[in-house]
Amino acid sequence: QVQLVESGGGLVQPGGSLRLSCAASGSIFSFGAMGWYRQAPGNQRELVASITNAGSTNYADSVKGRFTIFRDNSKNTVYLQMNSLKPEDTAVYYCNGLRSYGNLRRNWGQGTQVTVSS
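All of these numbers come straight from a predicted model, not from anything done at the bench.

Trainee: Hey, could you go over the layout of surface pockets for me, with residue numbers and the actual values?
Mentor: Looking at the largest pocket, its volume works out to about 210 Å³. As for the largest pocket, its lining consists of 13 residues, of which Val 2, Leu 4, Arg 105, Asn 107 and Gly 109 are closest to the centre. Among the elements of the structure, strand S1 (4-7) and strand S9 (91-96) are those that each provide at least two residues to the lining of the largest pocket. If one sorts the elements of the lining of the largest pocket by residue count, S1 sits on top with 3 residues. Across the lining of the largest pocket, the residue classes tally to 5 nonpolar, 5 polar and 3 charged.

What follows is the structure, encoded as structure tokens:
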């Protein structure tokens, strides 16, 4: 069972930036695709960005132009670069597979907290 550990969250002011990391204990390539999800208090969990092994990326409309997902296979890590952060980006961020690729795991990690506030 590959372990996925999120890190890099924190408190930033509106307009600031953060880079999140999702480190895998095994080969990240064993996943057909990886995604970053977020869940704000009282809200449902949503997929905000994804990347396939072929390098294709997709983003939720709310983060297009501000977030970038990329990976380093040699380090077995997927990253989420978040720029121009807004208060509505405040949430716990998680990494996982994708349902459409059959790699979405039932068990979620603890995630990493992102808080955007002045």
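Trainee: Which residues make up the packing of aromatic side chains, and what are the values?
Mentor: Taken as a whole and assessed by the stated rule, the structure comprises 3 aromatic pairs. Taking 5.0 Å as the distance between ring centres and 90° as the angle between the ring planes, the aromatic pair formed by Tyr 37 and Trp 108 counts as edge-to-face. Of this pair, Tyr 37 sits in strand S4 (residues 33-39) while Trp 108 sits in the loop between S9 and strand S10 (112-116), placing them 71 residues apart in sequence. A relative accessible area of 8% places Tyr 37 in the buried class. We classify Trp 108 as partly exposed; its relative accessible area is 25%. An angle of 20° between the planes, with centres 5.0 Å apart, marks the rings of Phe 70 and Tyr 79 as stacked. Residue classification places Phe 70 among the partly exposed positions, given a relative accessible area of 28%. Accessibility expressed as a relative area gives 13% for Tyr 79, which makes it buried. Among the aromatic residues, those joined into a cluster by ring pairs are Tyr 37, Tyr 94 and Trp 108.

Trainee: Please provide a residue-by-residue account of unusual backbone geometry, values included.
Mentor: A positive phi angle is found at Asn 76, which is not glycine, with a value near 50°. Considering the arrangement of structural elements, one finds Asn 76 in the loop between strand S7 (67-72) and strand S8 (77-82). For Asn 76, a relative accessible area of 19% gives the class buried. If you check the backbone angles, Ser 84 has positive phi at about 50° while not being a glycine. The class for Ser 84 is partly exposed, based on a relative accessible area of 41%.

Trainee: Got a sec to walk through the pattern of salt bridges? Specific residues and values, please.
Mentor: Tallied over the entire structure, the rule returns 4 salt bridges. Where Asp 61 meets Lys 64, a salt bridge forms, and the shortest distance between an N and an O atom there is 3.1 Å. For Arg 66, the salt bridge identified is with Asp 89, shortest N-O distance 2.8 Å. On the criterion of sequence distance, the pair formed by Arg 66 in the loop between strand S6 (57-59) and S7 and Asp 89 in the loop between S8 and S9 is long-range, its members being 23 residues apart. Accessibility expressed as a relative area gives 10% for Arg 66, which makes it buried. By relative accessible area, Asp 89 is classed as buried at 0%. Taken together, the shared-partner salt bridges in this structure form one network comprising Arg 38, Glu 46, Arg 66 and Asp 89.

Quick notes on the rules
- Residues numbered from 1 in each chain as written.
- Predicted model: local features only at pLDDT ≥ 70, side-chain atom pairs only at ≥ 80, totals over all residues.
- Heavy atoms only, no water.
- 1 Å grid on protein atoms, 1.4 Å probe; cavity = no way out; pocket = protein on both sides within 12 Å on 5 of 7 lines; lining within 4 Å.
- Points joined across faces, edges and corners; volume = space filled by probe spheres on them.
- Helix = DSSP H or I, 4+ residues; strand = E, 2+ residues; numbered from the N terminus.
- Nonpolar A, V, L, I, M, F, W, Y, C, P; charged D, E, K, R; others polar.
- Phe/Tyr/Trp six-rings, centres within 6.5 Å; stacked < 30°, edge-to-face > 60°.
- Buried < 20%, exposed > 50% of the residue type's maximum accessible area, 1.4 Å probe, protein only.
- Salt bridge = Lys/Arg side-chain N within 4 Å of Asp/Glu carboxyl O.

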